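The primary structure of each chain is shown beneath.
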Amino acid sequence: MKGILIDCYRLNDEIILWVKSGGKDYRFVDKFVPCIYLRCKNMKQLRGLLLKKKIDSYFTKKYSFSSEELLTICVPIKRISEYEKTVKRIELLTDYSVEIYNADVKIEEYYLFERDLFPLANVEIELVGDGGVRIKSIRALDSSDDLDYVMPEFQISTLKVKTVENLFKSLNTKLEGIRFNNDLIVGTEQEILLKFKEKYLSFNPDIIWAENGNLLLPYLSFKFKQYGIDFKFNRFDEDNDDDIEFKKGDYYFSYSRVVFRSHSIFLKGRLHFDIRS
């Protein structure tokens, strides 16, 4: 089949792809084995240490940015969930004395690089079996160098909430209303949540522009759970909202100013933009 790749994300030990085709949304699953590459002065000693610690590895040659051929040790990580742990383990075993490549790349970016894909690319996908969801092969039909390519027709929504207290002060505050697109939803908290759920599922947005969405989404997710209402912001049935929770943000300096940045919330099967972050 052919479609437009919108996004990808890791789930457990697999990569999930969100693809649009013929006006429909599809969720596909791909197996991915990322590799990290090691270099040091004594490569044989390092390989021996890895074998002793039962870390799979093998010698291979790679090229530097200057096209210089280099001998490296490749460590394939067969379980994505072990990616960061394996990097940390090797750092500790070698007392941070070896060069580690591909260790600080986000898995989703790594996957796109390895498959030569990019968001909004037209792709051709071969699936395992008829009507399956597992990817046998995938290739881009577009080039990342193209300046003009087809954009899908996204369903774009806006979201804002009204609460008794400012969410920056407390998430434990009463919900007074939700503005979804041009509709203002008011009533009791339970009534507001039920009406919002109906409108949200009916509109089925691809993109959500939310005012302070990094606080708003965890707040509403908590409210739904508080009232026992079955609802999730993510699109596909297989993806729950367990990772939509409030986490402390951080501060950074910018042009002699101290700026607060809230922890980013990423959705699965939809795109969330916090217009105030």
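Residues numbered from 1 in each chain as written. Predicted model: local features only at pLDDT ≥ 70, side-chain atom pairs only at ≥ 80, totals over all residues. Heavy atoms only, no water.

Draft legend 1. Structural view of the overall build of the protein. In terms of regular secondary structure, the protein is built from five helices and 16 strands. C-alpha extents for the protein along the principal axes are approximately 70 × 45 × 40 Å. Evaluated residue by residue, the protein yields a buried proportion of 40% over its 277 residues. Partitioning the intrachain contacts of the protein with sequence separation of at least 6 by distance along the chain shows that 57% fall at a separation of at least 24. (Helix = DSSP H or I, 4+ residues; strand = E, 2+ residues; numbered from the N terminus. Buried < 20%, exposed > 50% of the residue type's maximum accessible area, 1.4 Å probe, protein only. Contact = heavy atoms within 4.5 Å.)

Draft legend 2. Quick peek at helix H3 (residues 107–115). Within H3, burial applies to Ile 107, Glu 108, Tyr 110, Tyr 111 and Leu 112. Along its buried surface, H3 packs onto strand S1 (2–11), strand S2 (14–21), strand S3 (24–30), strand S4 (35–39), helix H2 (83–93) and strand S9 (135–140). After H3 finishes, the residue Asp 116 shows a positive phi value of roughly 55°.

Draft legend 3. Molecular detail of the pairing of strand S6 (residues 69–76). Two strands pair when backbone bridges link them, and S4 and S6 are joined in this way by four bridges, in the antiparallel orientation. What sits directly across from Tyr 37, in S6, is Cys 74. As defined by bridge partners, strand S5 (residues 58–63) adjoins S6 across six bridges and the pair is classed as antiparallel. Bridged to Thr 60 within S6 is Thr 72. Taken together, S5 and the strand that follows it, S6, pair antiparallel across an intervening segment of five residues, in which Ser 67 is found at a positive phi of about 70°. (Pairing = 2+ DSSP bridges.)

Draft legend 4. A look at the packing of aromatic side chains. This model, assessed by the stated rule, comprises 15 aromatic pairs. Summarising the aromatic geometry, the rings of Phe 180 and Phe 203 are spaced 6.0 Å apart at their centres and angled 90° between planes, so their arrangement reads as edge-to-face. Residue Phe 180 is found in strand S11 (residues 175–180), and its partner Phe 203 is found in helix H4 (residues 189–203); the two are separated by 23 residues along the sequence. On the basis of relative accessible area, Phe 203 is assigned to the partly exposed category, the value being 25%. Where Phe 224 meets Phe 231, the ring centres are 4.2 Å apart and the plane angle is 25°; that geometry is what we call stacked. Phe 231 sits in the buried class, given a relative accessible area of 12%. The lysine or arginine in question, Lys 106, covers the ring of Phe 266, its NZ or CZ lying 5.4 Å from the ring centre. (Phe/Tyr/Trp six-rings, centres within 6.5 Å; stacked < 30°, edge-to-face > 60°. Lys NZ or Arg CZ within 6 Å of the ring centre and 35° of its normal.)

Draft legend 5. Looking closely at unusual backbone geometry. Of note in this structure, Tyr 96 is not a glycine but carries a positive phi near 60°. Locating Tyr 96 in the fold gives a position in the loop between H2 and strand S7 (99–101). The class for Tyr 96 is partly exposed, based on a relative accessible area of 47%. Unlike most non-glycine residues, Asn 212 shows phi in positive territory, near 55°. Within the secondary structure layout, Asn 212 lies in the loop between strand S13 (207–210) and helix H5 (213–226).

Draft legend 6. Region of interest: the state of the cysteines. Enumeration according to the criterion identifies zero disulfides in this entry. Not part of a disulfide, Cys 40 finds its nearest cysteine sulfur in Cys 74, a span of 15 Å. Taking the relative accessible area as the measure of exposure, Cys 40 reaches 22% and is therefore partly exposed. (Disulfide = S-S within 2.5 Å.)

Draft legend 7. Representation of the environment of Tyr 96. Separated by 85 residues in sequence, Tyr 96 and Leu 11 place their C-alpha atoms 29 Å apart. Excluding residues within four positions of it along the chain, Tyr 96 makes contact with Lys 88 and Glu 91.

Draft legend 8. Region of interest: the sheet that holds strand S12 (residues 183–186). Strand order in the open sheet formed by five strands is S12-S11-S10-S13-S16, and the pairing between neighbours is mixed. Of all the strands in the sheet, the pair left with one neighbour each is S12 and strand S16 (271–274). Taken pair by pair, the neighbouring strands of this sheet meet at an average axis angle of 20°, ignoring direction. Bridge analysis of strand S10 (residues 156–163) against S11 gives five bridges, and the strand direction is antiparallel. What sits directly across from Leu 159, in S11, is Phe 180. Against the sheet, H4 engages S10, S11, S12 and S13, with an angle of about 15° to S11. The sheet strands contacting H5 are S10, S11, S13 and S16, and the helix crosses S10 at an angle near 75°. (Axes fitted to C-alpha atoms, helices over the stretch in contact; angles between N-to-C directions.)

Draft legend 9. Looking closely at the environment of Val 87. In this structure, Val 87 sits in helix H2. For the pair Val 87 and Pro 152, spaced 65 residues apart in sequence, the C-alpha to C-alpha distance is 38 Å. Not counting chain neighbours up to four residues away, the residues in contact with Val 87 comprise Ile 36, Ile 100 and Ala 103.

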